[in-house]
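Given next are the chains, with one letter for each unit.
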Amino acid sequence: MNDDAAKIKHRLGSSVVIPAHHYELDEIVELADFLGDSYKLAVDCSKTRAEYIVFGGVSFMAEGAALLAGPDQKVLIPDPQAGCPMAQMITAPRAKAVHEHLSSCCDRQIIPIVYMNSHADMKAFCGVHGGTVCTSSNASKIVKRFLDEDKSVFFSPDFNLGINTANDLGIPRHEVVTVRRDGTLEGDDPSSARLFLWDGFCHVHKTFTLDDITRLRSSHPDIQIIVHPECEEAVVTASDYAGSTAMIYNTVKDAAPGTTWGIGTEYRFVARMAQTFSDKTIIPLRESICHDMSRITLEKLTTSLRSIETFTRGEGPLIHQVTVPEALKKDATTALQRMIDIVEEA
């Protein structure tokens, strides 16, 4: 099957590219044209001129590629059921109601910032209200931009990334309010709050605990712990480093040979780094797998590629093409582009 996919990809040539997230299965990574975290993939997809983008990742990532694609480009996802439970924890109508409520009780303008792990309707909502998208690699820079303008931020859907960003920026706890999914607010006076955090979470990163860190430190006294900022606040605080998928990869890649690392993020990614950087000892905090990423199999990828071949011959439809309703596309693209502009400005 790997040979089939590779042969079809070769025949299609430069008309197709396959971006893949680090959490994907090895056989998908091996066929990828570019590999990265959600931010890198968004940028890479915005720059490619290939006619077909077959996305090795979950649905919100493929939606992001469709938003940034040109009018003659088509985005496919091998399995449209590859979703993100965190992204499903908030919808645009819910966010609109919360935003209106916060705006009525806060003295500052409320700017919505949505994590990349979200659907197009949430990105569009942010675009309409002067907000933007962020990723774990740029959340601090994005949030700081609006706080420096004396605005408050409504951050969703991941609470842990939000609170860890607040700590990174030194935002006092009394200026942070939690927005529960039932709409109730928890914290000090909302009228003076600078950061409102929705209480969604990533099931993969929420599994890591302080006990995991304690266990590794007791058995490996020289170990360095690095985790993703979607982990619980206490786990991030107890670690030596915290950062995006790309930051974790680069930190371990650049580390001295012989060093030992305990890593708290998706297990397949950690296992692949252990193979790639065999001059270091790399240990997962625990085996936590993103099962939605697992839905993108080699067989399904081959089906997507084969459908492009038959489509170009006029013999059949594209399988699982990803489109974004025009009613959302302009505003969602605005939010995505605003993120790229803020991050890449001098």
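Rules used throughout
- Residues numbered from 1 in each chain as written.
- Predicted model: local features only at pLDDT ≥ 70, side-chain atom pairs only at ≥ 80, totals over all residues.
- Heavy atoms only, no water.
- Phe/Tyr/Trp six-rings, centres within 6.5 Å; stacked < 30°, edge-to-face > 60°.
- Helix = DSSP H or I, 4+ residues; strand = E, 2+ residues; numbered from the N terminus.
- Buried < 20%, exposed > 50% of the residue type's maximum accessible area, 1.4 Å probe, protein only.
- Pairing = 2+ DSSP bridges.
- Contact = heavy atoms within 4.5 Å.
- Axes fitted to C-alpha atoms, helices over the stretch in contact; angles between N-to-C directions.
- Core = buried A, V, L, I, M, F, W, Y, C linked by side-chain atoms within 4.5 Å.

> Please clarify how the packing of aromatic side chains should be interpreted in this entry.
Centre-to-centre distance and the angle between the planes together describe a pair of aromatic rings. Taken as a whole and judged by the stated rule, the model has 4 aromatic pairs. Judged by centre distance (6.3 Å) and plane angle (45 degrees), the ring pair of Tyr23 and Phe269 falls under tilted. With Tyr23 in the loop between strand 2 (19-21) and helix 2 (26-31) and Phe269 in helix 12 (residues 267-276), this residue pair connects regions lying 246 residues apart in the sequence. Owing to a relative accessible area of 1%, Phe269 belongs among the buried residues under this scheme. A ring pair is formed by Tyr249 and Phe269, whose centres lie 6.4 Å apart and whose planes are at 20 degrees; its orientation type is stacked. Of this pair, Tyr249 sits in helix 11 (residues 245-254) while Phe269 sits in helix 12, and the two are 20 residues apart along the sequence. Assessed through its relative accessible area of 25%, Tyr249 is described here as partly exposed. The rings of Tyr23, Tyr249, Phe269 and Phe277 are connected pair by pair, giving a single aromatic cluster.

> What is the right way to read the sheet that holds strand 6 (residues 110-115) from this model?
Note: strands within a sheet are paired through backbone hydrogen bonds, in either parallel or antiparallel orientation. Here we have 6 strands laid out as an open sheet, ordered 7-6-8-11-9-10, and mixed in their pairing. In this open sheet, the two strands that pair with only one neighbour each are strand 7 (132-134) and strand 10 (185-186). Sheet topology note: the strand 9 (residues 176-179)/strand 11 (residues 195-198) ladder contains 4 bridges and is parallel. Bridge pairing in strand 11 links Val176 to Leu195. Docked against the sheet, helix 5 (residues 92-105) engages strand 6, strand 8 (152-156), strand 9, strand 10 and strand 11, running at close to 150 degrees with respect to strand 6. Its contacts with the sheet place helix 6 (residues 120-128) against strand 6, strand 7 and strand 8, and it is angled at close to 155 degrees to strand 6.

> Looking at this structure, I do not really get the sheet that holds strand 5 (residues 74-76). What am I missing?
Taken in spatial order, the 4 strands line up as 1-4-5-16 in an open sheet, and their pairing is mixed. Two strands bound the open sheet, and with one partner strand each, they are strand 1 (16-17) and strand 16 (321-322). With 2 bridges joining them, strand 5 and strand 16 adopt antiparallel strand pairing. From the neighbouring strand, Val75 faces strand 16, where its bridge partner is Val322.

> What exactly am I supposed to notice about the nonpolar core here?
Soluble globular proteins tend to pack their nonpolar side chains together in the buried interior. Membership of the largest hydrophobic core comes to 107 residues, with the highest contact counts inside it found for Ile113, Phe154, Phe155, Leu195, Phe196, Ile263 and Leu305. The element that contributes the greatest number of residues to this core is helix 4 (residues 59-68), accounting for 7 residues. Sequence-distant contacts of Ile113, that is, excluding residues within four places in its chain, are made with Cys126, Thr132, Cys134, Ile142, Val143, Phe146, Val153, Phe154, Phe155 and Ser156. If you look at the next biggest cluster of nonpolar residues, it comprises 11 residues, including Leu216, Val227, Cys231 and Ile283.

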